Amino acid sequence: MAVFIQDTARNNLASWTNNAVAGGYAIGAMISPFASPRLSNGFKRAAADVALSIRENGGELWFDSMTYALGMPRAGDFRHYDGWPLWPGTRGDLRSAVEQREHVQAVYAIQADLGSPALAPTVLVSYPDTPTSQVALQLTSEALTLQPRAWATIAGDQQFWGAGAELDAHVGALDQLEPGGWLLVVTRADNSMPTGASSEEIFGLMRTTFALSQDRPVRVAYGDLAALPAVAAGAEAVGTGWDMRQRICAYQDFQVRAADPGGGGWYQRPTLEGLLGSLTANEYQVLTSERAALALRLTPGTVGPQPEQAFRHHAQVLNSVIHEMAPLGGQSRVEVLQRRLDQAATEWPTVQRITGARVGYAQWAGQLEAGIQQFSESEGWT
Amino acid sequence: MHKPAMPTGRSDSTREEHEPTSALLWDEAVGARSLPRPRNIAIRSIQETIVNSVLDAACAKFGVSVVRALVPGGQKQVIVVAGSDGVERVLKLIDLGIATDPSALERARREVALLRDIDHPNVVRLTSDLMEISDPSVAVAWLEELLDGQDLRHCGSKWPADQLVALGRDVAAGLGELHRRHVIHRDLSPGNIQRCHNGRFVVMDPGFARHTLRSGVTVGGQPGTPGFMTPEHLQAYSGAPTPASDVFGCAALVYFAATGQPPVPYKGDDVDYLRRLRTAAHVPLHDARPDLPASLASVVERALHPQPARRYRNGAALAAAFGAA
């Protein structure tokens, strides 16, 4: 299993995660203070209950403090967040080593209460050689001083991941801290799907993953399909979910917005393994009615009519692609994904012609392919 | 009391400081670079008088006499001295009176505090505490062991594989000891690696080392020697040099000994140098010296990787790799 479930605005994290773990298509879930209340609020269960349920059913349970989300433009949805004792002082105050240590201790205390592995907090970095990146390094260092086997988080926007030598140097400094593992996060200014991933970002994410995964596990939070190149470079798992906000870490999803206790409409689009992308429900219906055999070959499997069934299929697609790469390493691992992308590139035009889909290979995979190409060239594999 | 001899530039100088070639790259890092030049002989004479009086005071404090100068004048003097026991040592003297770099004292304290705790065959050994000259201090001084042999600038090139391995293993082992104490050298160059007569290599002059458990005074403009910097020397914040940078520096020295050129040579153009340094673009060692064992070239190339996280993590890991090469 190579998929973990990001927290959700809905009240089904425990039940669907438990189903996914039992069904063999997820390893567990990540609780976020932005999505889960510490205490039950009538709609959602207390986080401790959710955590206990997932752990008792054999799933991994992580608590990501998501301190990096505080650095997002207009971050302001603190309805659940402020119920967590994450800040002995002012929220977001990391000015000195004292405040940093206190925040780390608070995060660790919550993780211990929930039965989560230790996962160090970090700040969002937009350029990897700035006073902010220095805070990220200091905070991580403080966290690993307190818990040497904790996992470290690296969170950056697209500019960060595309920064070249500065990114490499920043990651090199973090690597000296030798955490237990790595959680990588790409934050985005746009919460639409497919993601607006750039080739430079993919190249940087692959370079970083390839380096860090030599002797530590690497996972990509909110990674979904866009993180498959990172898996090709050595990551072991990606974060995803049934809603878009579980598949993308976008600024809009952390802004103040009107309460929507139901979680909004479902993002129930079939993900086709042969396309490495999704179609709308209508497009998929046209494809299955017009070219059933092609639909079956590209899907493959069954996309059920219910949201949980659609998610299960989506997660199975991710698992299938990742499992094909997992036993391999280096060039051969990357070539698996390249072959799949090459195949998808040949399928998309036909699918678009049949379904009238406006979004195709270029949007879903074009930049991924370009980033993989840059990475392969940098390794001398082309 | 003997007076220091004029500099000779001879190859047997064990503490001959490397003269930087680029003011742009060096200005922030080395106060001596920005010292006002004496404008006439009269001024120079006054300065020499002051320097000599401070040197006399330092020698008196340690009970030693001057044998010869290795690096006379300027902010930092390096003098061979002899004590009443006849043993020759190296006196390092930082004259605060003419130093324009306000952090000189702090640098000296850090260097001495670092070296005092280290007893390793591949790191130069300190034989005294830091002594402050006069009250208030006009200078600080300390003693180090005098190493025989030559530094790498005078050891030729095209070394055979076994000598390259010995160089890499010894320097990496010395760095490993520094790294174990959370210290980064940050300024490895041929001028501060000594090849002793018995074949041992010794790391010298971690004078710009930043003790990572203390507040550093060299954060910002990274100290380094053009031609022997690392990609991280271009970073001022989180990406600044780490032990993996010393790993790069050690490999650069091995490359230099193997080929006569550093992997990313400085050719007189700062912009061009910094551009090439960013990516550590270089001719692979197995291309420059195809006669060397592939295992040795592989160790050097990994240590020269532009991504610090792709290199050996520290000196100890690099020493082990050279040992197995």
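Let me sum up the structure you'll find in this document. (Residues numbered from 1 in each chain as written. Chains lettered and ligands numbered in written order. Predicted model: local features only at pLDDT ≥ 70, side-chain atom pairs only at ≥ 80, totals over all residues. Heavy atoms only, no water.)

**Here we look at the overall build of chain A**
Line of reasoning, step 1. Helix and strand content of chain A: 14 helices and 10 strands.
Line of reasoning, step 2. A globule of 382 residues ought to have a C-alpha radius of gyration of about 21 Å, and chain A, at 20 Å, matches this closely.
Line of reasoning, step 3. With respect to the principal axes defined by its C-alpha atoms, chain A has extents near 65 × 55 × 35 Å.
Line of reasoning, step 4. A burial count over chain A gives 60% of its 382 residues as buried.
Line of reasoning, step 5. Element-wise, carbon and sulfur atoms account for 49% of the exposed surface of chain A, whose accessible area totals about 13,900 Å².
Line of reasoning, step 6. Each charge sign in chain A was given a centre, from 27 positive and 38 negative side chains, and these centres are 6 Å apart. (Helix = DSSP H or I, 4+ residues; strand = E, 2+ residues; numbered from the N terminus. Rg over C-alpha atoms; globule rule 2.2 N^0.38 Å. Buried < 20%, exposed > 50% of the residue type's maximum accessible area, 1.4 Å probe, protein only. Areas by Shrake-Rupley, 256 points an atom, 1.4 Å probe, with all protein chains shown as cover. Lys, Arg positive; Asp, Glu negative; His and termini not counted. Charge placed at Lys NZ, Arg CZ, Asp CG, Glu CD.)

**Observations concerning helix H4 (residues 131-146) of chain A**
Residues and elements named next belong to chain A.
Line of reasoning, step 1. End to end, H4 covers 23 Å across 16 residues, agreeing with the expected 22 Å (1.5 Å per residue, within 8%).
Line of reasoning, step 2. When H4 is considered as a whole, its buried residues turn out to be Ser133, Ala136, Leu137, Leu139, Thr140, Glu142, Ala143 and Leu144.
Line of reasoning, step 3. Where H4 is buried, its residues contact helix H3 (97-114), strand S4 (152-157) and helix H6 (165-175). (Expected span 1.5 Å × (residues − 1). Contact = heavy atoms within 4.5 Å.)

**Examining the pattern of salt bridges**
Line of reasoning, step 1. Enumeration according to the criterion identifies 31 salt bridges over all chains in this entry.
Line of reasoning, step 2. The shortest N-O distance in the salt bridge between Asp205 of chain B and Lys92 of chain B comes to 2.2 Å. Pair noted here: Asp205 of chain B is in the loop between strand S9 (201-203) and strand S10 (210-211) and Lys92 of chain B is in strand S3 (residues 88-95), with a separation of 113 residues, a long-range link.
Line of reasoning, step 3. With a relative accessible area of 0%, Lys92 of chain B lands in the buried category.
Line of reasoning, step 4. In this structure, the salt-bridge partner of Arg275 of chain B is Asp272 of chain B, at a minimum N-O distance of 2.8 Å. Placement of the pair is Arg275 of chain B and Asp272 of chain B together in helix H6 (residues 270-279), with a separation of three residues, close to one helical turn.
Line of reasoning, step 5. Members of the salt-bridge network, linked through shared partners, are Asp175, Glu178, Asp215 and Arg216 of chain A together with Arg313 of chain B. (Salt bridge = Lys/Arg side-chain N within 4 Å of Asp/Glu carboxyl O.)

**Remarks on helix H10 (residues 281-290) of chain A**
All names here are of chain A.
Line of reasoning, step 1. For H10, the complete set of buried residues consists of Glu283, Tyr284 and Leu287. The buried side chains of H10 occupy one side of the element, clustering within an arc of 95° when seen end-on. Counted as exposed and oriented over 90 degrees from the buried face of H10: Asn282, Gln285 and Ser289.
Line of reasoning, step 2. Residues of H10 that are buried sit in contact with strand S9 (271-272), helix H11 (292-298) and helix H13 (330-355). (Arc of directions from axis to C-beta.)

**Some words on the packing of aromatic side chains**
All names here are of chain A.
Line of reasoning, step 1. For the structure shown, the criterion picks out 16 aromatic pairs over all chains.
Line of reasoning, step 2. A centroid spacing of 5.4 Å and a plane angle of 70° characterise the contact between Phe210 and Phe375, whose relative ring orientation is edge-to-face. Highlighted residues: Phe210 in helix H7 (residues 199-212) and Phe375 in helix H14 (residues 361-378), separated in sequence by 165 residues.
Line of reasoning, step 3. A residue is classified by how much of its surface remains accessible, and Phe375, at 0% relative accessible area, is buried.
Line of reasoning, step 4. Put simply, the rings of Trp16, Tyr25, Trp242 and Phe311 pair up and form one aromatic cluster.
Line of reasoning, step 5. Looking at Arg207, its charged tip hangs above the ring of Phe203, at a distance of 4.5 Å from the centre. (Phe/Tyr/Trp six-rings, centres within 6.5 Å; stacked < 30°, edge-to-face > 60°. Lys NZ or Arg CZ within 6 Å of the ring centre and 35° of its normal.)

**Some remarks on the sheet that holds S3 of chain B**
Strand pairing in a sheet relies on backbone hydrogen bonds. The paired strands run either parallel or antiparallel.
All names here are of chain B.
Line of reasoning, step 1. The strand order across the open sheet built from five strands is S1-S2-S3-S5-S4, with neighbouring strands paired in antiparallel fashion. Each having just a single partner strand, strand S1 (64-71) and strand S4 (131-133) make up the two edges of the open sheet. Along the sheet, successive strands turn relative to each other by an average axial angle of 35°, direction set aside.
Line of reasoning, step 2. In the sheet, S1 pairs with strand S2 (residues 76-83) via six bridges, with the strands oriented antiparallel. Counterpart to Val64 in the pairing with S2 is Gly83. (Pairing = 2+ DSSP bridges. Axes fitted to C-alpha atoms, helices over the stretch in contact; angles between N-to-C directions.)

**Some remarks on unusual backbone geometry**
Line of reasoning, step 1. Following Met193 of chain A, the chain continues to Pro194 of chain A via a peptide bond in cis, the omega torsion being 5°.
Line of reasoning, step 2. Tracing the backbone shows Pro194 of chain A in the loop between strand S5 (182-188) and H7.
Line of reasoning, step 3. Unlike most non-glycine residues, Arg186 of chain B shows phi in positive territory, near 75°.
Line of reasoning, step 4. Mapped onto the fold, Arg186 of chain B is located in the loop between strand S7 (183-184) and strand S8 (193-195).
Line of reasoning, step 5. On the basis of relative accessible area, Arg186 of chain B is assigned to the buried category, the value being 3%.

**So, the interface of chain B and chain A**
Line of reasoning, step 1. Contacts between chain B and chain A engage 16 residues on the former and 27 residues on the latter.
Line of reasoning, step 2. Summing both partners gives a buried area of about 1,800 Å² for chain B against chain A, and 48% of it is carried by carbon and sulfur.
Line of reasoning, step 3. A per-residue breakdown of the area chain B buries against chain A is headed by Tyr237, Ser238 and Arg313 of chain B, which together make up 39% of the total.
Line of reasoning, step 4. Counting across the interface, chain B meets chain A through five salt bridges.
Line of reasoning, step 5. Counting every contact that joins chain B to chain A gives 13 residue pairs in polar contact (both at pLDDT 80 or more).
Line of reasoning, step 6. Class assignment of the residues belonging to the side of chain B that touches chain A gives a composition of seven nonpolar, five polar and four charged. (Buried area = accessible area lost by both parts, 1.4 Å probe. Polar contact = N/O pair within 3.5 Å; in protein donor to acceptor, adjacent residues only side chain to side chain. Nonpolar A, V, L, I, M, F, W, Y, C, P; charged D, E, K, R; others polar.)

**Things to note about the packing of helix H4 (residues 161-180) of chain B against helix H5 (residues 243-259) of chain B**
Residues and elements named next belong to chain B.
Line of reasoning, step 1. As a packed pair, H4 and H5 sit with axes 10 Å apart at the nearest point and diverge in direction by 160°. Considering the angle they form, H4 stands roughly antiparallel to H5. Between H4 and H5 lies a crossing whose hand is right-handed. Residues Leu164, Leu167, Gly168, Val171, Ala172, Leu175 and His179 of H4 pack against Pro243, Asp246, Cys250, Leu253, Val254, Ala257 and Ala258 of H5. (Parallel < 35°, antiparallel > 145°, perpendicular 65-115°, else oblique. Left-handed = near helix turned anticlockwise from the far one by under 90°.)

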